[in-house]
Each structure stands twice: as structure tokens, then as C-alpha cells.
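# Per-entry structural report
For reference, the chains in residue letters:
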Amino acid sequence: MVKAVEIDAPGGPEVMMLRDRDPGEPGPGQVRVANRAIGLNYIDTYHRNGLYPLPMPSGLGLEGAGVVEAVGEGADFEVGDRVAYCAASIGAYAQSLLLPAQRLVPIPDGVDFDTAAAVLLKGTTVEYLLQRLFSLRPGHTTLFHAAAGGVGLLFGQWAAALGVELIGTVSTPAKRDLALANGYKHCLISGEDDVVAAVREITEGRMLPVVYDGVGAATFEQSLDCLAPRGLMVSFGNASGSPPPFDLQELSVRGSLFITRPTMLSYVAAEQEMRDSAAAVFERVLDGTLQVNIAQRYPLVEVQRAHAELEARRTVGSSLLIP
Ligand code: NDP
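These numbers were taken from a predicted model, which means no experiment stands behind them.

### Some remarks on the domain arrangement of the chain
Assigned domains of the chain: these are domain 1 (2-120 + 270-322) and domain 2 (138-261). Centre-to-centre, using C-alpha coordinates, domain 1 lies 28 Å away from domain 2. On the side of domain 2, 17 residues touch domain 1, which itself brings 18 residues to the contact. Taken over both partners, the interface formed by domain 1 and domain 2 buries close to 1,300 Å², and the fraction arising from carbon and sulfur atoms is 58%. Summed over the shared surface of domain 1 and domain 2, the number is zero salt bridges. In this assembly, domain 1 and domain 2 are joined by eight residue pairs in polar contact (both at pLDDT 80 or more). Of all the secondary-structure elements, those providing two or more residues to the side of domain 1 that touches domain 2 are helix 1 (42-49) and helix 9 (271-286). The element contributing the most residues to the side of domain 1 that touches domain 2 is helix 9, with three residues. A breakdown of the residues in the side of domain 1 that touches domain 2 according to their chemical character gives 10 nonpolar, six polar and two charged.

### Topic: the pattern of salt bridges
Scanning all chains against the criterion turns up 18 salt bridges. Linking Asp114 and Arg297 is a salt bridge whose minimum nitrogen-to-oxygen distance equals 3.0 Å. Here Arg297 lies in strand 15 (residues 294-299) and Asp114 lies in helix 2 (residues 113-133), a separation of 183 residues in the sequence. On the basis of relative accessibility, which here comes to 46%, the residue Arg297 falls in the partly exposed class. Each member of the salt-bridge network shares a partner with another, and the members are Glu6, Asp8, Arg19 and Arg21.

### Points about the sheet that holds strand 9 (residues 141-145)
Sheet architecture is open: six strands sit in the order 11-10-9-12-13-14, paired in parallel fashion. Edge positions in the open sheet fall to strand 11 (186-189) and strand 14 (258-260), since each of these has one partner strand only. When strand polarity is set aside, the average angle formed by the axes of neighbouring strands in this sheet is 15 degrees. With two bridges joining them, strand 9 and strand 12 (residues 208-213) adopt parallel strand pairing. Along strand 12, the bridge assignment pairs Phe144 with Tyr212. Against the sheet, helix 5 (residues 195-202) touches strand 9, strand 10 (165-170), strand 11 and strand 12, its axis set at about 165 degrees to strand 10.

### Here's the deal with the site of the ligand
Within the structure, the ligand sits among 27 residues, and Tyr128, Ser171, Lys175, Gly214 and Met264 are positioned closest to it. The side chain of Lys175 places a nitrogen or oxygen atom 2.7 Å from an oxygen atom of the ligand. Between the ligand and Gly214, the relevant distance is 2.7 Å, taken from an oxygen atom to a main-chain nitrogen or oxygen of the residue. Contact with the protein chains removes 91% of the 910 Å² of surface that the ligand exposes when unbound. Looking at the shell around the ligand, the elements with two or more residues in it are helix 1, helix 2, helix 3 (150-161) and helix 10 (303-311). Here the shell around the ligand is built from residues that sort into 13 nonpolar, 10 polar and four charged. Counting contributing residues, the shell around the ligand receives three or more from each of domain 1 (2-120 + 270-322) and domain 2 (138-261).

### What to know about the sheet that holds strand 2 (residues 17-21)
Read across the open sheet, the three strands follow the order 2-1-4; overall the sheet is antiparallel. In this open sheet, the two strands that pair with only one neighbour each are strand 2 and strand 4 (58-59). Strand direction decides the pairing type here: strand 1 (residues 2-7) and strand 4, joined by two bridges, are antiparallel. Paired with Glu6 across the two strands is Gly59, which belongs to strand 4.

Rules of the game
- Residues numbered from 1 in each chain as written.
- Predicted model: local features only at pLDDT ≥ 70, side-chain atom pairs only at ≥ 80, totals over all residues.
- Heavy atoms only, no water.
- Domains from an automatic or database assignment.
- Contact = heavy atoms within 4.5 Å.
- Buried area = accessible area lost by both parts, 1.4 Å probe.
- Salt bridge = Lys/Arg side-chain N within 4 Å of Asp/Glu carboxyl O.
- Polar contact = N/O pair within 3.5 Å; in protein donor to acceptor, adjacent residues only side chain to side chain.
- Helix = DSSP H or I, 4+ residues; strand = E, 2+ residues; numbered from the N terminus.
- Nonpolar A, V, L, I, M, F, W, Y, C, P; charged D, E, K, R; others polar.
- Buried < 20%, exposed > 50% of the residue type's maximum accessible area, 1.4 Å probe, protein only.
- Pairing = 2+ DSSP bridges.
- Axes fitted to C-alpha atoms, helices over the stretch in contact; angles between N-to-C directions.
- Near = heavy atom within 4 Å.
- Areas by Shrake-Rupley, 256 points an atom, 1.4 Å probe, with all protein chains shown as cover.

Okay, structure coming up:
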């Protein structure tokens, strides 16, 4: 038996229960992984509260790193291999779980379990956001909301290394200092600073070719206002709630804008995409471009507190659950 988090119905952090579960034996193409560290992601709160509906009852969690402890027929791994995964299946909040082998990536030497679990999902998100969805290059300026968060700090480090001028938004002066130390050249305090006016001043009126908005409802309109004609709005999350219904005519009025609502799941859907994206992330961890800031670690038994703090904006950088 192992400990695993389950929910019987969507709701607040209190619906998450730690239960004893038999993880089972791996079937063909599966392995069983004993987690050493579990990545906490904002998307887990959408699964928990029903914004992204799941069949009930359900496990939670998309990301972890650990050791292969049993191998099913045809799965190309050995007992003892160090592996990480994200977007393989839901249920990572567990001491041990079955996973499809083709969604696992080996953890390279020099990367520890905590780092792998803290960087894989957020890092592959940054990889597709700045390399494949839009190709950020030197000379580009962009805006990224929640700059001191898990995805935000990694985005700042990676984009700055590409020579991109970064404008972040955060909610507190302490978070602003952190963002400025992680690649952001400018950082505005949401609710205090006039973000659109600041973008206009920084870009000398040109505005931005692309805006990355993971905050959603609270920032959606403002993000559109920061775009140059023919700019791209990347609405990739809903930390403050889903953006309001949107009239496509707005894109025309504002100057032939583009808008996309991407999910990492479709950018690493193919096995090779997952491997290439993970390789790009681990390469940047090993060469020092990405310095993963694990600012919070919670024992798995404190999963309710972990979710509450993430949703109350009391975390920065990456958070881990330790099984
Ligand atoms: P973060 O660590 O960034 O935490 C969310 C942050 O959002 C908070 O710290 C807070 O920063 C900000 N925020 C603004 N308004 C609110 C609000 N009303 N309630 C709570 N938080 C608020 O989380 P992650 O790094 O895990 O994820 C960042 C975003 O990226 C999320 O929206 C997530 O869903 C999205 N995402 C999307 C993916 C995709 O492929 N589409 C993949 C991965 C993540 P502050 O206090 O500074 O404002």
C-alpha cells in the first residue's frame, strides 16, 4: 500500500484526502515509479476545483520524479532508472504510481530529483511558449504576468538568455525584486502601476509583438491593450479566473490581432516532442541558464496547505510535495 491523494468531488483544498492505495503491477508498456519529489502546478488547482472537469473520484497531479521500481512487458526501462514525467496521466500526488513508459524521460546525471520535479512541466511550458508557439529573438520586448511564479521565473531566465527585453507584473515589492533578479528588466506591481502606460513608455509607443497572460480574468483586457497591431495574445492560464467571453471583432478593432489559448499537453503530445522539449529544458538546467528556485517544499500529507498557499499568492518560484 502507498499513500495517494484523491478527491471524490471538486472543491476547495479540503476535498483532497490522503488515502492508502495499491498502485498495482505494471501492464504492457507501463512502469511503476516510486516518486521522490512531486511538482505542484497551478493547473492542479483547476483539476481540484472543477474548472477543468475530471471523472470522479480522481487522483491529482501531473508531474514527478523518482525511481523505476517495476517494469511491464515491452517498456524500455530498468528497475532503478531515474525518471521524470509530466502530462503522462493524472495522479502524481502519490508515493508510487503506474505510468505509460513512453511518457517518461530519463533524468540526466547532474540533475537531482527535486530539480527535475520542479522544472519539467514548467520548463517545457516555457520552451513551447518562447520557441515554438512564438519564436522570441533578440530585440523583442514582451510582457509576462505573474513573473515571480513557477513558470514566470523560468520564463525570465530563459528569455533573458535569448536577449529578449522582459516586462513582468507581480503583486508585491518582494516579488518584484525576485523577478528583476531572474531576467526581467522591468517589473510592475499589478493594481498599483499603470501597466499599459508603462509598456507604452518602455517601447516608445510601439507596443508589444506578443504578450503572455497566465493570470486570465484580471489581466486579459490590459494584455490586449499592450499589443502592437498584428500582435499575438497568448492566454495560457486562469490564475484569477477564466477570461470573459470575447467578441472576435475586438481583434479587428485593435489592429488585426491574433489570439491563442494553448495548452502544454498539445505541444508535447507526440513522444518525440516530449523528449525534445525535456532535453532542451535539462540542457539549460545543466548549463546554468535555468536556476530552478524551489521556494516551497511540503510533505505530501500537507497537500491542503500547499494548495491554499499557491492560491493565496503566497508562493514564489516552484513548489514541491515530498512523498
Ligand atoms: P504560479 O506560481 O505562477 O502561481 C500563480 C500566480 O498567479 C500567483 O503567484 C500570482 O502571482 C498570480 N495571480 C494573479 N492573480 C491571481 C489570483 N487572483 N489568484 C491567484 N494567483 C494570482 O503558478 P504556475 O507557475 O504553476 O502557473 C502559472 C500560470 O501558467 C497558471 O495560470 C497556469 O495555469 C499556467 N500554465 C499553463 C500552461 C499551459 O500550457 N497552458 C502550462 C503550465 C502552466 P502575483 O501574486 O505576483 O500576481
